[in-house]
Amino acid sequence: MTESEPPLASKDPWLLTPGPLTTSAKTKQAMLHDWGSRDAAFTETNRRVRDRLVAIAGGVGSHVCVPVQGSGTFAVEATLGTLIAKNDKALVLINGAYGSRMAKILDYAGRAYTTLETPEDTPPGLDDLDAALKADAAITHVVCVYCETTSGILNPIAGIARITADNGRRLIIDAMSAFGALPINAAEVPFDALMASSNKCLEGVPGMGFAIIRQSALEKCKGNAHALSLDLYDQWLAMEKNGQWRFTPPTHVICAFDAALEQFDAEGGVEGRNARYAANGKILISGMRELGFETLLADDLQAPIIITFKMPADPKFDFQAFYDALAGRGYVIYPGKLTVAPSFRIGCIGHLDAKVMNGALDAIRETLTEMGVESGAA
Ligand SMILES: *Cc1c(COP(=O)(O)O)cnc(C)c1O
């Protein structure tokens with residue numbers, strides 16, 4: 001690279017996706033070293049990251065953070081396998097691909113479960129949950145998704161937690177695309193475990209998942225796990241003993257995560273991040289509606305994470321051409337994953353602000369004109 005060339009990062013596209021996400025230059029810069037896994041500075045960083053994550057979840061004194069190498073799904077699989085014992089039974093609430101994935105994980109692990117499924121644009125009914133728990137005494141755990149990224153729908157986590165606790169069952173939450181941007185406080189919303197990753201709303205780089213686990217529950221999980229590398233009980237015990245990971249830690253990811261959490265605090269924590277994402281979402285939704293596009297979800301079900309738009313009816317609209325034209329202008333969007341309707345998604349999480357969202361809208365407007373599409377109406 002010559003002096004006059006811009007740094008590589010300035011040419012990167014904006015990622016308006018559910019992950020991997022755009023990260024700040026500061027976060028990327030935090031990776032420009034090599035650390036030994038036993039290096040005191042590294043183990044201190046690792047401890048700080050874990051402590052911060054517990055604090056964000058409101059779990060200080062009751063919960064611990066157990067990280068695991070890999071993408072978010074590795075943390076989900078590790079948590080379900082560690083916390084749900086061979087004789088337990090789960091009730092999985094499904095309204096999208098990530099709920100279905102947890103059922104599949106339980107299949108692989110050979111754990112008993114039943115499901116309560118609603119369409120992708122419909123949150124689970126709390127009365128139905130209550131009835132399902134009362135009808136089956138064998139159910140020990142309720143497993144749910146906070147923001148189902150398939151559609152971007154906000155599930156009623158506080159209500160789910162209340163009914164689960166009232167029925168004396170334990171709650172496990174996939175909060176992957178919510179944690180850091182949507183509030184959750186272990187003191188008010190009782191859960192045994194919550195899973196998330198380094199690269200969603202906390203804006204680190206991908207490579208590490210983690211679970212915030214109630215310590216009193218984790219202490220009883222010795223021997224549960226179906227896989228050594230996914231045994232969060234063993235991972236926790238080892239890390240408590242000497243501050244180190246059992247197997248090669250993703251050192252660069254953890255140091256970038258530490259820098260990302262520093263910026264998270266500076267932005268005002270969950271409240272600050274929520275405000276930026278909500279503003280991003282508002283700009284996007286109102287701009288798209290001006291162009292005729294329709295959202296899948298009513299505004300009161302929509303989380304400020306990722307927005308699903310129905311595929312336009314105009315025969316001149318071609319999604320692949322639309323996608324490619326936007327990518328050419330520096331904005332990467334995401335295909336839909338819905339069964340209820342043809343759709344595509346645009347994310348508002350990651351290191352993005354109003355300027356980026358308005359830039360994306362300009363690119364969309366230009367692309368529609370180029371394609372000869374007059375309205376985005378479905
Ligand atoms: C992103 C995400 C995951 C994990 O996906 P990975 O691709 O494994 O990182 C799990 N659940 C939800 C709700 C998600 O949004």
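Analysis parameters
- Residues numbered from 1 in each chain as written.
- Predicted model: local features only at pLDDT ≥ 70, side-chain atom pairs only at ≥ 80, totals over all residues.
- Heavy atoms only, no water.
- Domains from an automatic or database assignment.
- Contact = heavy atoms within 4.5 Å.
- Buried area = accessible area lost by both parts, 1.4 Å probe.
- Near = heavy atom within 4 Å.
- Polar contact = N/O pair within 3.5 Å; in protein donor to acceptor, adjacent residues only side chain to side chain.
- 1 Å grid on protein atoms, 1.4 Å probe; cavity = no way out; pocket = protein on both sides within 12 Å on 5 of 7 lines; lining within 4 Å.
- Sits in = over half its atoms within 2 Å of the grid points.
- Helix = DSSP H or I, 4+ residues; strand = E, 2+ residues; numbered from the N terminus.
- Nonpolar A, V, L, I, M, F, W, Y, C, P; charged D, E, K, R; others polar.
- Pairing = 2+ DSSP bridges.

A.B. asks: With reference to specific residues and values, describe the domain arrangement of the chain.
C.D. replies: Parsing the chain into structural domains produces domain 1 (14-23 + 269-371) and domain 2 (25-265). One C-alpha centre belongs to domain 1, the other to domain 2; they are set 27 Å apart. On the domain 2 side, the residues contacting the 28 residues of domain 1 number 34 residues. Of the roughly 2,500 Å² buried between domain 1 and domain 2, counting both surfaces, carbon and sulfur atoms make up 57%.

A.B. asks: Describe the site of the ligand, and please don't skip the residues or the numbers.
C.D. replies: In the vicinity of the ligand, the residues found are Ser71, Gly72, Thr73, Tyr98, Arg101, Val145, Cys147, Thr149, Asp174, Met176, Ser177 and Lys200. Taking Thr73, its side chain carries an N or O atom lying 2.5 Å from an oxygen atom of the ligand. Here Lys200 contributes a side-chain N or O atom positioned 2.7 Å from an oxygen atom of the ligand. Under a 2 Å grid-point criterion requiring more than half of the atoms, the pocket assigned to the ligand is the largest pocket. Elements that contribute at least two residues to the shell around the ligand include exactly helix H3 (72-83) and helix H4 (97-109). Looking at the shell around the ligand residue by residue, the classes come out as 4 nonpolar, 5 polar and 3 charged.

A.B. asks: Explain the side chain of Asn280 to me, and be specific about the residues and the numbers.
C.D. replies: Here Asn280 is to be found in helix H10 (residues 269-290). In this structure the side chain of Asn280 is engaged in a polar contact, spanning 3.1 Å, whose partner is the backbone oxygen of Cys348. In contact with Asn280, not counting residues within four places along its chain, are Cys348, Leu352, Asp353, Ala354 and Met357.

A.B. asks: Please set out the sheet that holds strand E11 (residues 306-310) residue by residue, giving values where relevant.
C.D. replies: If you walk across this open sheet you meet the 3 strands as E11-E14-E13, and the pairing is antiparallel. Only two strands of the sheet have a single partner each, and these edge strands are E11 and strand E13 (334-335). Here E13 pairs with strand E14 (residues 343-347) via 2 bridges, running antiparallel. Bridging across to E14, Pro335 finds its partner in Phe344.

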